[in-house]
Structures are given as structure tokens and as C-alpha cells.
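The lines below spell out each chain.
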There are 2 protein chains.
Amino acid sequence: MEQKNCVFIATSLDGYIADKNGGLDWLYSIPNPDHLDMGYVDFTSKIDALVMGRVTFETVLGFDVEWPYQKPVFVLSNSLEAIPDSHKDKAFLVNGDLNEILEQIHQKGHHRLYIDGGGTIQSFLKQDLIDEIIISTIPILLGGGYPLFSDLPNALEFEFVGSRVYLNQVVQNHFRRKKT
Amino acid sequence: MEQKNCVFIATSLDGYIADKNGGLDWLYSIPNPDHLDMGYVDFTSKIDALVMGRVTFETVLGFDVEWPYQKPVFVLSNSLEAIPDSHKDKAFLVNGDLNEILEQIHQKGHHRLYIDGGGTIQSFLKQDLIDEIIISTIPILLGGGYPLFSDLPNALEFEFVGSRVYLNQVVQNHFRRKKT
């Protein structure tokens, strides 16, 4: 079965995923009266599981909403000791080498993975383990914050797959790692 | 007459305008056998003059090509003492406060300005003096280099104007500063 690691994320025009104070309000600066999902439901219908870092996991736990994921969530952390009892059937702690973690997840039958959270995405990219990136650009310059991308040991070439515009304001570009 | 300051530039997917060594080879990584200008000629037909920093000016002077600009070029520099004699009819030294510089340029009859070079664009953005940004994204993660955007004192909202894809690989997005 095809194995792939995908990113589906929104950034500001200057490439931040959270503002200077860690805030996400700017993500909702474009009026969206009909709660358009901008491809999210379609994207998540095509993944088997999520991989995220502890920070993202705890952020989502902290939201005052129902647990938003229908698929298993693998939480990358060397410091978290256990998943809270409330989420033991939904989230699973993993740690160690990313390739070994991926092998464990694949062996459980999850091949198409949604890689989420800035730190986790950056760790995967440093090891050239991201196959697809779908970025929705919110037309705002935040001028600082937490960047999606960070330093890499080597440049990584991608292919442009396609582009869509949502709400007449959010351009979503889809890239795939170029296999050479 | 309408006054506007426009950026027309290419960046990597991770937002760099030059790689770790200042190199630009990656800009030409997408095969372009017919030398498609990707909207550049149309864009420059609608501007009256260019404003760029000393670094960009000297970089262009250093290219082993004909002087590429048909419009007057205003070179922002506090260190350059004079424009070389070879270019005295094409380029003009300006320095000081950006608003005063703009007023001088407007008084000469140049109202639609092409703002070029990373440092110059960043200086203009810090003072909220950019009206339009046209960014062509090359689908490569450079993993380091000279970023297009830098810190800003305040977030700046833009409007998405439109999107085009060139060579099936380069997505060009057009943004306009949102007037509130």
C-alpha cells in the first residue's frame, strides 16, 4: 500500500503558523459564514492516522471542543509520560527515531499519515520524510511568530500539483516531493 | 494620479529570495525553454520607476548582461557616494526618510513604483508602504537563505487578488494591501 506523509496547514503570507503570542485568531480573519472546510474533510478522508507533537496534542486537548479526530493520533514526545485516560483509545504515545516510529505505525496498518504541528513537520522535513504539502495562505503579514519551515541540511525539490482559491481570499497550493 | 508601491518577486516555498550562499540558481530549476517571462513584461509596462537598495543595484551591475531596466532606477543607499558614470542617466541615488524619498520621486512624475530587493522591501513593509505584492513561488524548500519577509511592528492585512500558474510549476499569487 502507498505510504505517504502529508502536511495540511494554513500559514500567513509570511509563513507563520501562529502569531507572536502563539495566537491563531488571524486564521479566522476571512469571513466564512458557511463554515467552508477548505478541503479538510476530503483530505482527512484520505489519511489513516495523524502524527503530531506534544505541544499540538496538548493545545487540541485544551480547546473547549469535542476531540476533533476520527482517526488514531500518534503523539511524538520524549517528555510526556502517558496519554490522559480520557484519550487512551484515541491517542498513542510514540518516541524515538522517526523512521522506527513510522515503521511501527505502518505495521499497525496506517500508511497515509497526516503530519501536524510545526515542530513535528520540521523534524520530518529535516529527514526528508514529507511527501505532500498542502498550504492554505491567509493574506496577512503577521511580521513574526512561529514559522512553518525551519533550517534544513539540504534543499528539497517539490512539484506543484494544483491550486485552489477558497472564500475568494485563501489560496491553497498543493506540492508533492519530487522523486529523482 | 494613482500612487502605488509594488513588489514583483520570486521566492522559494519556504520564503527565501536567495539561498544560503546568496545564490539564485534555484530560480532557474524549472525548465523554461521558451523563456516565458511569467508576467514580468506586463508588470513592468505598468510601472514608472524602480526603487532598489545598493546591494540589488550592485548585484545587477555585476551581472554580465545589458542593463535590464527601461525605467529610471532609484537606488536607496546611505553608503554609496555616487552612481557609476556608466549609469548616470539610468540610476539615481536617493537616501533619507522613505516618505521624503517617495515624495521626491512622485514630484519627478513617477507614481507607480516597483520596489525591489529584500532589504528595501522589508524597509517599505516596516512603514506599511507596500500596496501590492506579486509573489511567484518556486516549489523548492531551500532550508535557509535570505528571507523575503522580516519582523514587522504590526500585522498587515492584504487581499487576495488572483493566482496564475506558469510552466505548470510556478504559482504566482497577487495580493493587495487591504484598506480599512
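Just above sits the structure.
Residues numbered from 1 in each chain as written. Chains lettered and ligands numbered in written order. Predicted model: local features only at pLDDT ≥ 70, side-chain atom pairs only at ≥ 80, totals over all residues. Heavy atoms only, no water.

**Concerning the overall build of chain A**
And then number 1: From N to C terminus, chain A includes 4 helices and 11 strands.
And then number 2: The C-alpha atoms of chain A give 16 Å as radius of gyration, which agrees with the globular expectation for 180 residues (16 Å, within 12%).
And then number 3: Along the three orthogonal principal directions, the C-alpha set of chain A runs to about 45 × 40 × 30 Å.
And then number 4: Relative to its 180 residues, chain A shows a buried fraction of 49%.
And then number 5: Expressed as a percentage of contacts within chain A between residues at least 6 apart in sequence, the contacts between residues at least 24 apart total 66%.
And then number 6: Carbon and sulfur atoms make up 49% of the accessible area of chain A, which amounts to about 9100 Å² in all.
And then number 7: Averaging the positions of the 15 positive and the 24 negative side-chain charges in chain A gives two centres separated by 5 Å. (Helix = DSSP H or I, 4+ residues; strand = E, 2+ residues; numbered from the N terminus. Rg over C-alpha atoms; globule rule 2.2 N^0.38 Å. Buried < 20%, exposed > 50% of the residue type's maximum accessible area, 1.4 Å probe, protein only. Contact = heavy atoms within 4.5 Å. Areas by Shrake-Rupley, 256 points an atom, 1.4 Å probe, with all protein chains shown as cover. Lys, Arg positive; Asp, Glu negative; His and termini not counted. Charge placed at Lys NZ, Arg CZ, Asp CG, Glu CD.)

**Concerning the sheet that holds strand β8 (residues 140–141) of chain A**
And then number 1: Read from one edge to the other, the open sheet built from 9 strands follows the order β8(A)-β10(B)-β11(B)-β7(B)-β1(B)-β6(B)-β3(B)-β4(B)-β5(B), with strand pairing classed as mixed. Edge positions in the sheet fall to β8 of chain A together with β5 (91–94) of chain B, since each has one partner strand and no second.
And then number 2: Helix-sheet contacts for helix α4 (residues 118–126) of chain B involve β8 of chain A together with β1 (4–12), β3 (49–53), β4 (73–76), β6 (112–116) and β10 (156–166) of chain B, and the interaxial angle to β6 of chain B is about 120°. (Pairing = 2+ DSSP bridges. Axes fitted to C-alpha atoms, helices over the stretch in contact; angles between N-to-C directions.)

**A word on the side chain of Gln122 of chain A**
Residues and elements named next belong to chain A.
And then number 1: Tracing the backbone shows Gln122 in helix α4 (residues 118–126).
And then number 2: With a relative accessible area of 12%, Gln122 lands in the buried category.
And then number 3: With sequence-adjacent residues up to four places away left out, Gln122 is seen in contact with Tyr146, Pro147, Leu148, Phe149 and Ser150.

**Quick notes on the relation of the copies chain B and chain A**
And then number 1: Rotating chain B by 180° about the axis while translating it 0.0 Å along that axis superimposes it on chain A, leaving an RMSD of 0.0 Å. Such a combination of rotation and displacement between the chain copies is what one expects of a two-fold axis. When each C-alpha of chain B is compared by its distance to the rotation axis, Gly15 of chain B comes out closest, at 3.6 Å.
And then number 2: In this assembly the copies share their binding face: 100% of the residues contributing to the interface of chain B also contribute to that of chain A. (Least-squares fit on C-alpha atoms with pLDDT ≥ 70 in both.)

**Details of the pattern of salt bridges**
Residue and element names in this part refer to chain A.
And then number 1: All told, the structure shown has 20 salt bridges over all chains when counted by the stated rule.
And then number 2: For Asp89, the salt bridge identified is with Lys90, shortest N-O distance 3.4 Å.
And then number 3: We classify Asp89 as exposed; its relative accessible area is 59%.
And then number 4: The network of salt bridges with shared partners includes Lys4, Glu132 and Arg176. (Salt bridge = Lys/Arg side-chain N within 4 Å of Asp/Glu carboxyl O.)

**Quick word on the pairing of β6 of chain B**
Residues and elements named next belong to chain B.
And then number 1: With 4 of 5 residues buried, β6 lies mostly within the body of the structure.
And then number 2: Pairing of β1 with β6, which is carried by 3 bridges, proceeds in the parallel orientation. Considered in β6, the bridge of Lys4 is made with Arg112.
And then number 3: Sheet topology note: the β3/β6 ladder contains 4 bridges and is parallel. Looking at β6, one finds that Ala49 is bridged to Leu113.

**A short note on the interface of chain B and chain A**
And then number 1: Listed by partner, the interface residues are 34 residues for chain B and 34 residues for chain A.
And then number 2: Here chain B and chain A share an interface that buries about 2600 Å² over both sides, 63% of which is from carbon and sulfur atoms.
And then number 3: The largest per-residue losses of area from chain B upon contact with chain A belong to Leu13, Leu141 and Phe160 of chain B, which jointly make up 25% of the total buried on that side.
And then number 4: The tally of links from chain B across to chain A stands at 10 residue pairs in polar contact (both at pLDDT 80 or more). (Buried area = accessible area lost by both parts, 1.4 Å probe. Polar contact = N/O pair within 3.5 Å; in protein donor to acceptor, adjacent residues only side chain to side chain.)

**What about the sheet that holds strand β5 (residues 91–94) of chain A?**
And then number 1: Taken in spatial order, the 9 strands make up an open sheet running β5(A)-β4(A)-β3(A)-β6(A)-β1(A)-β7(A)-β11(A)-β10(A)-β8(B), and their pairing is mixed. Because the sheet does not close on itself, it has two edges, and the strands there are β5 of chain A together with β8 (140–141) of chain B.
And then number 2: Across 7 bridges, the pairing between strand β1 (residues 4–12) of chain A and strand β7 (residues 132–138) of chain A is parallel. Bridge pairing links Ser12 of chain A to Ile138 of chain A in β7 of chain A.
And then number 3: Packing of helix α2 (residues 54–62) of chain A onto the sheet brings it into contact with β3 (49–53), β4 (73–76), β5 and β6 (112–116) of chain A, and relative to β3 of chain A it is tilted by some 105°.
And then number 4: On the sheet, α4 of chain A packs against β1, β3, β4, β6 and β10 (156–166) of chain A together with β8 of chain B and is oriented at approximately 120° with respect to β6 of chain A.

**What about the packing of aromatic side chains?**
Residues and elements named next belong to chain B.
And then number 1: The final tally for this structure, using the stated rule, is 16 aromatic pairs over all chains.
And then number 2: Geometrically, the ring pair formed by Phe8 and Phe43 is stacked, given 4.8 Å between the ring centres and 25° between the ring planes. Remark: Phe43 occurs in helix α1 (residues 40–45) and Phe8 occurs in strand β1; sequence separation between them is 35 residues. Of the two residues examined, Phe8 and Phe43, each falls in the buried class.
And then number 3: Measuring from centroid to centroid gives 6.4 Å for Tyr40 and Tyr114, while their planes differ by 65°, and the two rings are edge-to-face. Note that Tyr40 is positioned in helix α1 and Tyr114 in strand β6, a separation of 74 residues in sequence. (Phe/Tyr/Trp six-rings, centres within 6.5 Å; stacked < 30°, edge-to-face > 60°.)

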